[in-house]
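# A closer look at the structure
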Amino acid sequence: MNNTIVVQDTSQIVSALGSELKQLEGKTILISGGAGFLGSYFLNVAEYLNNSVFRRPCTTICIDNYITGSRNNLTRPTASKYIIYIQHDVSKRLNIRRKLDFIIHAAGIASPIYYKKFPLEAIDVNTQGTKNLLELGNKNNLKSFLYFSSSEIYGDPDPRYIPTPESYRGNVSSIGPRACYDESKRLGEALSINYFHVYKVPVKIVRPFNIYGPGMKPTDYRVIPTFVHNALINKPLPVHDKGKQTRTYCYISDAITELFKVLLSGVNGEVYNIGNDYPEITTLDLANKIRKICNNKVRIKLIPYPNSYPTDVPQRRCPDLSKIKQELKYHPKVSLHLGLLRTMKWYKETYE
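Residues numbered from 1 in each chain as written. Predicted model: local features only at pLDDT ≥ 70, side-chain atom pairs only at ≥ 80, totals over all residues. Heavy atoms only, no water.

Each helix and strand counted, the protein has eleven helices and 14 strands in total. The C-alpha radius of gyration computed for the protein amounts to 19 Å, which stays within 12% of the reference 20 Å derived for 352 residues, consistent with globular compactness. Out of the 352 residues in the protein, the part that is buried amounts to 56%. The long-range fraction of contacts in the protein, counting pairs at least 24 apart against all pairs at least 6 apart in sequence, stands at 83%. Distance from the positive charge centre (47 side chains) to the negative charge centre (30 side chains) of the protein: 4 Å. (Helix = DSSP H or I, 4+ residues; strand = E, 2+ residues; numbered from the N terminus. Rg over C-alpha atoms; globule rule 2.2 N^0.38 Å. Buried < 20%, exposed > 50% of the residue type's maximum accessible area, 1.4 Å probe, protein only. Contact = heavy atoms within 4.5 Å. Lys, Arg positive; Asp, Glu negative; His and termini not counted. Charge placed at Lys NZ, Arg CZ, Asp CG, Glu CD.)

And the structure:
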């Protein structure tokens, strides 16, 4: 964690959470998918706390099979004696002998390009991987278990349910081109909630919506890293179809703060949307916003979806954040404009 922006974002996360983080002091945390975009920030927070806040360090066990994560993740800590890296596929049996206090199940194949390429692996990590970690949680007297579901479980929401609340049951196809991801995440939720009811595992479920920021690889094939990367090398911004599909985007420091809020203060057996509820913006307008940041020096090019991209794309996606705002008292703070500026600055400094 040697980049200025990542250090600043990590400091902001710690500052926003304050005394809640004391629950992690001297504890052991297991995080699956720790080499990924979101997972690396959990490691950064743990390292920051150990270096600057805690008297008794917390230990973090990072498990990843590196199918999409990277051993050389550019935002995770480079060396720490309190972070243990284990290469392992969580859909296979896990043997962890150390006593665990927290489990964060963030492993998954979230990019549509990659889960189309690895559909069975995507199903395995969201189902058998979830079950393996829940079994591990059941053997330990956990303080909290955080399961990463996805906003994809809502499918293409009925316009009457946008912004989409946690109570919305979804509009998805069990045999559609995205089913390997959508439906396995839904089963992961069912497993999690039943381990809570049957075994009292202190599960909280989160559904992230379009999180972005420093650490996303240019080869992630999602919209913001693709636009930012192309803008910085003066290539056209590729807008699929007519660019009318809408999303809201949440900057990484806000998202990680929300995730820690749920882990440490959320209600067991409950589901929380994670993201930003403003602005809901079309893909074409997003491209124009990035173009303006670059002083209109890049072009926008409308293109069809490539064959490698799963069809059945949701037309609108925007979370109802009433629950996390009311229960956990957190509101996203970073505007889309500022978040894009910070992301572009990180790409410039990192990839030159």
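Put simply, Ile 162 and Pro 163 share a cis peptide bond, and its omega is 0 degrees. Counting through the fold element by element, Pro 163 comes out in the loop between β5 (144-148) and α6 (179-199). Cis geometry marks the peptide bond from Tyr 278 to Pro 279, where omega comes out at -10 degrees. One non-glycine residue, Tyr 221, adopts positive backbone phi at about 70 degrees. Its location among the elements puts Tyr 221 in the loop between β7 (211-212) and α7 (223-232).

The next point concerns the sheet that holds strand β11 (residues 271-274). Strand order in the open sheet formed by seven strands is β3-β2-β1-β4-β5-β6-β11, with parallel pairing between adjacent strands. The open sheet terminates on both sides in strands that have one partner only, identified here as β3 (83-87) and β11. Neighbour-to-neighbour, the strand axes of the sheet open up by a mean angle of 20 degrees, direction not taken into account. Of the pairings in the sheet, the one linking strand β4 (residues 102-105) to β5 comprises four bridges and is parallel in character. Bridge pairing in β5 places Ile 104 opposite Leu 146. (Pairing = 2+ DSSP bridges. Axes fitted to C-alpha atoms, helices over the stretch in contact; angles between N-to-C directions.)

Now for empty space enclosed by the protein. Within the structure shown, the criterion is met by one cavity of 30 Å³ or more. By volume, the largest cavity amounts to about 60 Å³. Lining the largest cavity, in full, are Leu 24, Ile 29, Ile 31, Phe 42, Leu 43, Ala 46, Leu 49, Cys 58, Thr 60, Ile 104 and Phe 260. Going through the elements one at a time, β1 (28-32) and α2 (37-52) are the ones with two or more residues in the lining of the largest cavity. Broken down by element, the residue count for the lining of the largest cavity peaks at four residues, all from α2. Among the residues making up the lining of the largest cavity, the classes are represented as ten nonpolar, one polar and no charged. (1 Å grid on protein atoms, 1.4 Å probe; cavity = no way out; pocket = protein on both sides within 12 Å on 5 of 7 lines; lining within 4 Å. Points joined across faces, edges and corners; volume = space filled by probe spheres on them. Nonpolar A, V, L, I, M, F, W, Y, C, P; charged D, E, K, R; others polar.)

In this section: the pattern of salt bridges. Summed over all chains, the structure comprises 15 salt bridges. Linking Arg 186 and Glu 183 is a salt bridge whose minimum nitrogen-to-oxygen distance equals 3.4 Å. In this pair, Arg 186 and Glu 183 are both assigned in helix α6, three residues apart and thus about one turn of the helix distant. The partly exposed category is assigned to Arg 186, whose relative accessible area is 29%. When the shortest N-O distance is used, the salt bridge between Arg 316 and Glu 280 registers 2.8 Å. With Arg 316 in strand β14 (residues 316-317) and Glu 280 in the loop between β11 and β12 (281-282), the pair connects residues that are 36 residues apart, well separated along the chain. For Arg 316, a relative accessible area of 30% gives the class partly exposed. Judged by relative accessible area, which is 31%, Glu 280 ranks as partly exposed. (Salt bridge = Lys/Arg side-chain N within 4 Å of Asp/Glu carboxyl O.)

Leu 24, Ile 104, Phe 148, Ile 256, Phe 260 and Ile 290 are the most contacted members of the largest nonpolar core, which has 65 residues in total. Those residues in contact with Ile 256, other than ones at most four positions away along the chain, are Ile 13, Leu 38, Tyr 41 and Phe 42. Ranked by size, the runner-up nonpolar core spans 23 residues in total, among them Leu 30, Leu 100, Leu 142 and Phe 196. (Core = buried A, V, L, I, M, F, W, Y, C linked by side-chain atoms within 4.5 Å.)

Further remarks concern the packing of aromatic side chains. According to the stated counting rule, one finds 14 aromatic pairs in the structure shown. Between Phe 42 and Phe 260 the ring centres are 4.8 Å apart and the planes differ by 50 degrees, which places this aromatic pair in the tilted class. Here the residue Phe 42 occupies a position in helix α2, and Phe 260 occupies one in helix α8 (residues 252-265), the gap between them amounting to 218 residues. For Phe 260, a relative accessible area of 3% corresponds to the buried category. Consider the rings of Tyr 154 and Tyr 168, whose centres lie 6.2 Å apart with planes at 35 degrees: the pair is tilted. Separated by 14 residues along the polypeptide, Tyr 154 in the loop between β5 and α6 and Tyr 168 in the loop between β5 and α6 bring together distant segments of the chain. Chaining the aromatic ring pairs together yields one cluster made of Tyr 154, Tyr 161, Tyr 168 and Phe 209. Above the plane of the ring of Tyr 272 lies Lys 323, whose end atom (NZ or CZ) is 4.9 Å from the centre. (Phe/Tyr/Trp six-rings, centres within 6.5 Å; stacked < 30°, edge-to-face > 60°. Lys NZ or Arg CZ within 6 Å of the ring centre and 35° of its normal.)

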